[in-house]
Structure formats: structure tokens, C-alpha cells
Amino acid sequence: AQTIHQWPVAEIKAVGSPLSLGCTIKGKSSPNLYWYWQATGGTLQQLFYSITVGQVESVVQLNLSASRPKDDQFILSTEKLLLSHSGFYLCAWSRDNSGNTLYFGEGSRLIVV
Amino acid sequence: AQSVTQPDARVTVSEGASLQLRCKYSYSGTPYLFWYVQYPRQGLQLLLKYYSGDPVVQGVNGFEAEFSKSNSSFHLRKASVHWSDSAVYFCVLSSIASSSFSKLVFGQGTSLSVVP
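Residues numbered from 1 in each chain as written. Chains lettered and ligands numbered in written order. Predicted model: local features only at pLDDT ≥ 70, side-chain atom pairs only at ≥ 80, totals over all residues. Heavy atoms only, no water.

Visitor: I'm lost on the sheet that holds strand β1 (residues 3–7) of chain A in this one. Help?
Guide: Paired through backbone hydrogen bonds, the strands of a sheet run either parallel or antiparallel to each other. Residues and elements named next belong to chain A. Pairing in this open sheet of four strands is antiparallel, and the strands run β1-β3-β8-β7 from one edge to the other. Edge positions in the sheet fall to β1 and β7 (65–70), since each of these pairs with one other strand and no more. Ignoring which end each strand starts from, the neighbouring axes of this sheet average 20 degrees apart. (Pairing = 2+ DSSP bridges. Helix = DSSP H or I, 4+ residues; strand = E, 2+ residues; numbered from the N terminus. Axes fitted to C-alpha atoms, helices over the stretch in contact; angles between N-to-C directions.)

See below:
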């Protein structure tokens with residue numbers, strides 16, 4: 001069975017500090033990977049997607065970047081956090097890009113102060 | 001342009017009562033439609049999905065949804081709710097095999113509260 005794990009579960013960070021959120025998928029080779037952002041009480045907004053190692057596409061510009069250093073790993077990062085980066089970050093995977101089901105991680109909650 | 005509208009931001013029902021959460025979509029092609037549920041401080045879990053065929057699809061925990069092309073709707077239903085169904089429900093639209101890679105459009109979500 002496939003599993004998806006996100007870390008850290010939660011973080012409180014200062015404005016201007018760096019951030020790194022991670023996501024690992026086990027049990028599935030070459031998954032499509034996604035990062036979503038959810039403002040408190042809001043809907044989900046797709047940030048990035050990746051179909052293969054080393055290839056990441058940006059969907060929206062939020063002063064964030066993403067990388068896929070390994071087939072099973074997806075990293076979201078920034079060198080300088082903004083207050084607007086606060087929210088819930090969700091990693092997801094799917095089997096292909098034909099509108100198939102997304103499977104979400106448990107999320108990482110970020111509070112920027 | 002694709003869009004999903006969930007007109008009810010909050011719904012409160014009594015335990016044991018029936019439930020309908022509304023979802024309207026806008027898409028010129030044939031959509032993939034999903035309902036996801038998000039429990040407090042957790043990720044999203046798939047309830048059910050519709051690709052084609054029978055317009056009524058069954059999901060987990062007694063949920064079902066009915067696709068209507070004429071009404072551009074995909075309403076979620078449950079015959080008898082339980083307190084554990086309290087959560088936020090998202091209706092999601094995906095275009096089929098388009099050049100825009102796996103673009104999903106999420107509704108705003110409906111927060112369901114089940115009261116005694």
C-alpha cells in the first residue's frame with residue numbers, strides 16, 4: 001500500500017526566516033506530486049506539480065519554490081517567509097495526469113509571526 | 001473557464017437526519033468530479049468520484065452523489081448523518097487529459113456540523 005508522509009506537522013516561524021517542508025511517498029514509483037496551500041478556513045490552491053525527478057512546474061507565484069530531488073520526495077521551500085505564507089500546506093500524489101484521484105498527506109501547518 | 005461553486009458555506013443538521021450538500025460546476029467538456037472530506041487539522045480524504053456511467057455514485061461511509069449534466073451539478077447526499085460526519089466537504093472538478101496538467105479546481109468547501 002502507498003503511504004504519504006509530510007513533515008513537520010507544524011511550525012511557527014518568524015517573518016524573513018527560511019522554510020523547508022517535506023513530503024515522502026512510499027509504495028509507488030514515479031508518482032505525480034503536488035503541493036497545495038490552504039488559508040485558514042479557505043479552499044485549496046495548487047502551488048506546484050511534478051511528474052518526474054528534477055522537473056517541477058509552478059502554478060501560482062507566492063514567493064515559494066519546490067524541488068523533487070528524488071522520485072519519492074517533494075520539497076517546498078523559501079528563503080524569506082512572509083506573513084501571507086501562513087496556512088496549511090498539503091502534499092498529494094496521483095497515478096497519472098488524466099484527472100485521476102489525488103491522495104493527500106496529513107498536512108503541515110505553518111504560522112508566520 | 002472551469003469553476004466549482006458550493007453555495008452553502010455552513011450546514012447544520014441533527015444526528016440521524018438526511019443530508020444534501022450542493023455543488024455546481026462550470027466546464028465545457030466532460031468533467032471528472034470528486035468529493036473530499038477534511039476532518040479538523042487533517043489532510044483530505046476521498047469520499048467518492050465520478051468519471052462516467054451511472055450518474056449516482058456510491059462512496060465511503062454511506063455517502064453518495066448524483067451527477068447531473070443538465071443542471072451542472074454534483075450534489076452529495078447521506079440518508080442518516082452521524083456526529084462523526086462533522087467536517088469540511090470539498091467538491092472538486094478535474095478536466096480530462098487536458099494540456100493543463102492535472103488541474104483541479106476546488107470549491108470553497110462546506111462546513112458540516114452534526115448536532116445531537
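Visitor: What is the right way to read the nonpolar core from this model?
Guide: Across soluble globular proteins, nonpolar side chains show a tendency to be buried alongside one another. Core analysis: the biggest nonpolar cluster contains 28 residues, and L19, W35, L47, L48, F74, L76 and Y89 of chain B have the highest contact counts within it. If you list the elements that add at least two residues to this core, you get β2 (10–14), β3 (19–21), β5 (32–38), β6 (44–50), β8 (64–68), β9 (73–78), β10 (87–94) and β12 (110–115) of chain B. The dominant element in this core, judged by the number of residues it contributes, is β10 of chain B, at four residues. Apart from residues no more than four positions distant in its own chain, L76 of chain B is found in contact with L19, Q20, L21, W35, L47, L48, F63, E64, A65 and Y89 of chain B. With 20 residues, the next largest nonpolar core counts L19, A66, F74 and L76 of chain A among its residues. (Core = buried A, V, L, I, M, F, W, Y, C linked by side-chain atoms within 4.5 Å. Buried < 20%, exposed > 50% of the residue type's maximum accessible area, 1.4 Å probe, protein only. Contact = heavy atoms within 4.5 Å.)

Visitor: What exactly am I supposed to notice about the layout of surface pockets here?
Guide: Which parts of space are left empty comes out when a probe the size of a water molecule is rolled across the atoms. Its volume calculated, the largest pocket comes out at about 420 Å³. Around the largest pocket sit 20 residues that line it, and Q38, G41 and G42 of chain A together with Q38 and V88 of chain B are the ones nearest its centre. Those elements that provide at least two residues to the lining of the largest pocket are β10 and β12 of chain B. For the lining of the largest pocket, a count of residues per class yields eight nonpolar, nine polar and three charged. (1 Å grid on protein atoms, 1.4 Å probe; cavity = no way out; pocket = protein on both sides within 12 Å on 5 of 7 lines; lining within 4 Å. Points joined across faces, edges and corners; volume = space filled by probe spheres on them. Nonpolar A, V, L, I, M, F, W, Y, C, P; charged D, E, K, R; others polar.)

Visitor: Looking at this structure, how should I read the packing of aromatic side chains?
Guide: Geometry of an aromatic ring pair is reported as the spacing of the ring centres plus the angle between the planes. Per the stated rule, a full pass over the model turns up 15 aromatic pairs over all chains. Aromatic side chains W35 of chain A and F74 of chain A sit 6.1 Å apart centroid to centroid with 25 degrees between the ring planes, which places their arrangement in the stacked category. Of this pair, W35 of chain A sits in strand β4 (residues 32–38) while F74 of chain A sits in strand β8 (residues 73–78), placing them 39 residues apart in sequence. Aromatic side chains F90 of chain B and F106 of chain B sit 6.3 Å apart centroid to centroid with 75 degrees between the ring planes, which places their arrangement in the edge-to-face category. One end of the pair, F90 of chain B, is in strand β10; the other, F106 of chain B, is in strand β11 (residues 104–106), with 16 residues separating them in the sequence. The same class applies to F90 of chain B as to F106 of chain B, namely buried. An aromatic cluster is present here, built from Y34, Y36 and F104 of chain A together with Y32, F34, Y36, Y51, F90 and F106 of chain B joined pairwise through their rings. The ring of F88 of chain A carries R109 of chain A above its face, with NZ or CZ at 4.5 Å from the centroid. (Phe/Tyr/Trp six-rings, centres within 6.5 Å; stacked < 30°, edge-to-face > 60°. Lys NZ or Arg CZ within 6 Å of the ring centre and 35° of its normal.)

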